[in-house]
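What follows is the residue order along each chain.
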Amino acid sequence: MTLRLNSSQKKTPLSQITRNSFLLICFFFLLWYIISSFYFEQEELLSDKNEETLTEVHLTSLSTLSSNTTITTIADNDNSKNQLEELNKKYCGKPICKFLFVYIIGEQETKANLHFRSFSQLAEKLNRIMVLPNVGSSRIGTCNKFPFDFYYNITLLQKEFPDVLFKSENDFIFWLKERDQIKKIMNNNDKPLSILHSSVKINRSVEKTFYDDAEPNFDVYECISKFEPLMNLKDPNSRVRYTKMIIKEMDLIREKSRVEFSKLLTKVLTIDEEIILVNGYVVHPLFLQIMPVIPYNDYILNEAQKIKDKLSSSYIGIHWRLESSTPKLLPECVQGLIKTLNKVMEEGEIKNIYLATDYPLLSSRSQSSTFGKITNYHHDAIRTLNETFKINTWVSLGGLEQLRKNEKYNKELNGSGIQGILDKLVCMNSNYFISGPNGCSRVISKYTKAIANERSNRIKNKDSDLLNVIDRWEIPL
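Per-chain numbering applies: the sequence of each chain, read as written, is numbered from 1 onward. Reporting in this predicted model follows two pLDDT cut-offs: at least 70 for local features of residues, and 80 or more for side-chain atom pairs to be given and counted; totals over whole chains, interfaces and linings ignore these cut-offs and use all residues. Calculation of side-chain values draws on the structure's entire complement of heavy atoms; hydrogens and water are dropped beforehand.

### Considerations on unusual backbone geometry
Quick reminder of the rule: Secondary structure elements are defined from DSSP: runs of H or I of at least 4 residues count as helices, runs of E of at least 2 residues count as strands, and each element is numbered from the N terminus. Here the term buried applies to any residue with accessible area under 20% of the maximum for its type, exposed to any over 50%, and partly exposed to those in between, with areas from a 1.4 Å probe on protein chains only.
In this structure, the amide linkage connecting Glu228 to the following residue, Pro229, adopts the cis form with an omega of 0 degrees. You can see Pro229 is positioned in the loop between strand S7 (210-213) and strand S8 (239-248). The phi angle at Lys462 is positive, at roughly 70 degrees, despite the residue not being glycine. Mapped onto the secondary structure, Lys462 falls in the loop between helix H14 (446-460) and strand S14 (471-472). Overall, Lys462 belongs to the exposed group, its relative accessible area being 72%.

Okay, structure coming up:
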């Protein structure tokens, strides 16, 4: 039997088979593509996740490695420390700067000169740099407006203290500024200024010298406020201690006790603080050895020589401090002075007179900051003296002319000031020197004593121009 196929069952042509195969291949290819895409997408997602996880681990590792962070900080601190050390070497010659700054020295120039020498000896014992305070109005202290060398010769001072490094207030300010800049650049507040602020003062009522903590109220006149903000004692970033040394007077008067006191003072102030600030009023020397007077600057010495030359190198020097006189005695006092001058001028064949006095010369203000009440007795006494002799003064002889032309020195010259030093030198150089008796003048005077001591030394050294050390005129009976 023959099988017959209908049309639908007829044999499929080859072209049809080829087309179907192609479609099947495309289907499998598409399926492979979809699967592959999904796989690679997952792979990429996993990769991203792994990368994110690695990143987290990496950051966590940095945060947990605190030693690395510390090392970075230490490196910064080391850099800051190195810069500070370089600064200190530049200013102080050592990796660490340590200063002694006696910013107030009680008493007027003659005594302050002595006290500064004592504190310079202390600086030597403590191995500290001595800051040179400002000067002015016959005082040594930072409240004054002129630098230390306005009065003194720093080069010769350094020779007297070869083991002490002296720095001016300006040098000290520069050090503070540069130190502050380094701290700011390094953003490092780990090393604030360390300061000891101490009051060193004599007290005649105490039975025993003692050293103790103190309240921060020494700087009554706010003298050291001018160093703010570089040295701000109220700044919490500064480390400040306050102490006081109260001194029994006899511990400085008796030589044996002074030796023991100087050891105590050196011991308690041998400390690590960078700066020791001292408010001082000590009256007497602090050490057994008394160093020579701080030499005055060349300008003052030259002015004294000019005055001596104008007086033909032959004159009587008078120191008459009217402040301590009894005003009602002054008419008799001036008559006693006139009598003595006539005698000395006749016997010594001296024609010129030079008067060093606290009486007003340039203005109505006294030449002494403590001489306020000037009466008609004072005016009359000076008038009588002027009418009897030609009286020369630093003003009449054109002394300190260069300073007198500059207004910034007006206050200094119209009160107690640099002219007091000039008067002292002129009287030291005088052929004959006299001062007033009790009631007419101050008898116990460190200023007069300084003149007499210098003249005594010159006479011992065979200075034939000096005819006496000191004489005092008498009040007529």
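### So, the side chain of Asn392
Heads up, the condition is: A 3.5 Å cut-off defines polar contacts: any pair of N or O atoms within that distance qualifies, except that in protein one atom must be a possible hydrogen donor and the other a possible acceptor, and neighbouring residues in sequence count only when both atoms are side-chain atoms. Contacts are assigned to residue pairs that have any heavy atoms within 4.5 Å of one another.
Within the element layout of this structure, Asn392 appears in strand S12 (residues 391-392). Among the polar contacts made by the side chain of Asn392, one reaches the main-chain carbonyl oxygen of Ile353 at a distance of 2.9 Å. Sequence-distant contacts of Asn392, that is, excluding residues within four places in its chain, are made with Leu311, Ile353, Tyr354, Leu355 and Leu397.

### Digging into the state of the cysteines
As a reminder of what qualifies: Here, a disulfide means two cysteine sulfur atoms that sit within 2.5 Å of each other.
Under the defined criterion, the tally for this structure stands at three disulfides. Two residues share a disulfide in this structure: Cys92 and Cys97, whose sulfurs sit 1.7 Å from each other. Torsion about the S-S bond of the Cys92 and Cys97 cystine: about 105 degrees, corresponding to right-handed handedness. The exposure class of Cys97 is buried, given its relative accessible area of 1%. What pairs with Cys333 in a disulfide is Cys440, and their sulfur atoms sit 1.9 Å apart. What sets the handedness of the Cys333 and Cys440 disulfide is the S-S torsion sign, and at about -85 degrees it is left-handed. One end of the pair, Cys333, is in helix H9 (residues 330-348); the other, Cys440, is in the loop between strand S13 (432-435) and H14, with 107 residues separating them in the sequence. Judged by relative accessible area, Cys333 falls into the buried class, the value being 0%.

### With respect to the pairing of strand S11 (residues 352-357)
Keep this limit in mind: We treat two strands as partners when DSSP finds at least two bridges between them. With the strands pointing away from the viewer, any crossover whose connection runs clockwise from the first strand over the helix to the second is right-handed.
Within S11, five of the six residues are buried, leaving the element largely enclosed by the surrounding structure. Where strand S10 (residues 315-320) and S11 come together, six bridges link them in parallel fashion. If you follow Ile316 over to S11, its bridge partner there is Ile353. In this fold, S10 hands off to H9, which returns the chain to S11; that crossover is right-handed. Both S11 and S12 contribute to a ladder of two bridges, which runs parallel. Bridge pairing in S12 places Tyr354 opposite Asn392.

### Here we look at the environment of Gly136
With respect to the helices, strands and loops of the structure, Gly136 is situated in strand S3 (residues 135-136). Assessed through its relative accessible area of 2%, Gly136 is described here as buried. The spatial distance from the C-alpha of Gly136 to the C-alpha of Phe146 is 6.0 Å, given a sequence separation of 10 residues. Those residues in contact with Gly136 that sit more than four places away from it in its chain are Asn144, Phe146, Tyr151 and Glu412.

### As for the pattern of salt bridges
For clarity, the threshold we go by: Between Lys or Arg on one side and Asp or Glu on the other, a salt bridge is scored when a side-chain nitrogen of the former is within 4 Å of a carboxyl oxygen of the latter.
Within this structure, the stated rule accounts for 14 salt bridges. Its salt-bridge partner being Lys184, residue Asp180 comes within 3.3 Å of it at the nearest N-O pair. Note that Asp180 and Lys184 are positioned in helix H5 (residues 169-186) at a spacing of four residues, about one turn of the helix. Where Arg383 meets Asp380, a salt bridge forms, and the shortest distance between an N and an O atom there is 2.6 Å.

### Digging into the nonpolar core
For soluble globular proteins, the rule of thumb is that nonpolar side chains tend to be buried together. Our working definition: In plain words, nonpolar cores are sets of buried Ala, Val, Leu, Ile, Met, Phe, Trp, Tyr and Cys residues tied together by side-chain atoms within 4.5 Å. Where a domain begins and ends is set by an automatic assignment or by a domain database.
In this structure, Phe116, Met130, Phe148 and Tyr354 are the most contacted members of the largest nonpolar core, which totals 66 residues. Lining this core are residues from two domains, each supplying at least three of them: domain 1 (78-281) and domain 2 (298-472). With sequence-adjacent residues up to four places away left out, Phe148 is seen in contact with Phe116, Leu132, Pro133, Asn134, Val135, Ile140, Ile154, Leu157 and Ile294. Within the second largest apolar cluster, 27 residues are counted, among which are Leu87, Leu193, Cys223 and Tyr242.

### What to know about the packing of aromatic side chains
Short version of the rule: For Phe, Tyr and Trp, where Trp contributes only its six-membered ring, two rings pair if their centres lie within 6.5 Å, and the inter-plane angle classes them as stacked under 30 degrees, edge-to-face over 60, or tilted in between.
In this structure the tally under the stated criterion is 17 aromatic pairs. Look at Phe150 and Tyr409: their rings are 5.5 Å apart centre to centre, the planes differ by 5 degrees, and that puts the pair in the stacked class. With Phe150 in the loop between strand S4 (139-141) and helix H4 (154-160) and Tyr409 in the loop between helix H11 (401-404) and helix H12 (410-414), this pair connects stretches of sequence that are 259 residues apart. Phe150 sits in the buried class, given a relative accessible area of 11%. Feature note: the residues Phe116, Phe146, Phe148, Phe150, Tyr151, Tyr152, Phe161, Phe166, Tyr296 and Tyr409 constitute an aromatic cluster, connected by ring pairs.

### A few points about the confidence of the model for the protein chain
Put simply, the test is: One confidence number per residue, pLDDT, is output by the predictor and ranges from 0 to 100.
Here the protein chain averages 85 in pLDDT, and 82% of its residues register 70 or above. In the model, residues 1-12 has pLDDT below 50 throughout and makes one contact with residues more than four positions away in sequence or in other chains. Considering only residues more than four positions removed or in separate chains, one finds that residues 37-76, a stretch of pLDDT under 50, has one contact.

### Quick word on the packing of H9 against helix H10 (residues 376-388)
The condition that has to hold: Geometry is summarised by axes, namely lines fitted to C-alpha atoms with helices restricted to the contacting stretch, and by angles between N-to-C directions that run from 0 to 180 degrees. Note that the term roughly parallel is reserved for angles under 35 degrees, roughly antiparallel for angles over 145, roughly perpendicular for angles of 65 to 115, and oblique for everything else. Helix crossings are classified by the rotation of the near helix relative to the far one: an anticlockwise turn of less than a right angle makes the crossing left-handed, while a clockwise turn makes it right-handed. Note on residue categories: nonpolar means Ala, Val, Leu, Ile, Met, Phe, Trp, Tyr, Cys or Pro, charged means Asp, Glu, Lys or Arg, and polar means any other residue, Gly included.
Between H9 and H10, whose axes approach to 9 Å, the crossing angle comes to 20 degrees. Comparing their axes, H10 and H9 come out roughly parallel. Handedness of the crossing formed by H9 with H10: right-handed. Seen from H9, the contacting residues are Leu330, Pro331, Val334, Gln335, Leu337, Ile338 and Leu341; seen from H10, they are Tyr377, His378, Ala381, Thr384, Leu385 and Thr388. Across the contact of H9 with H10, the residue classes tally to nine nonpolar, four polar and no charged.

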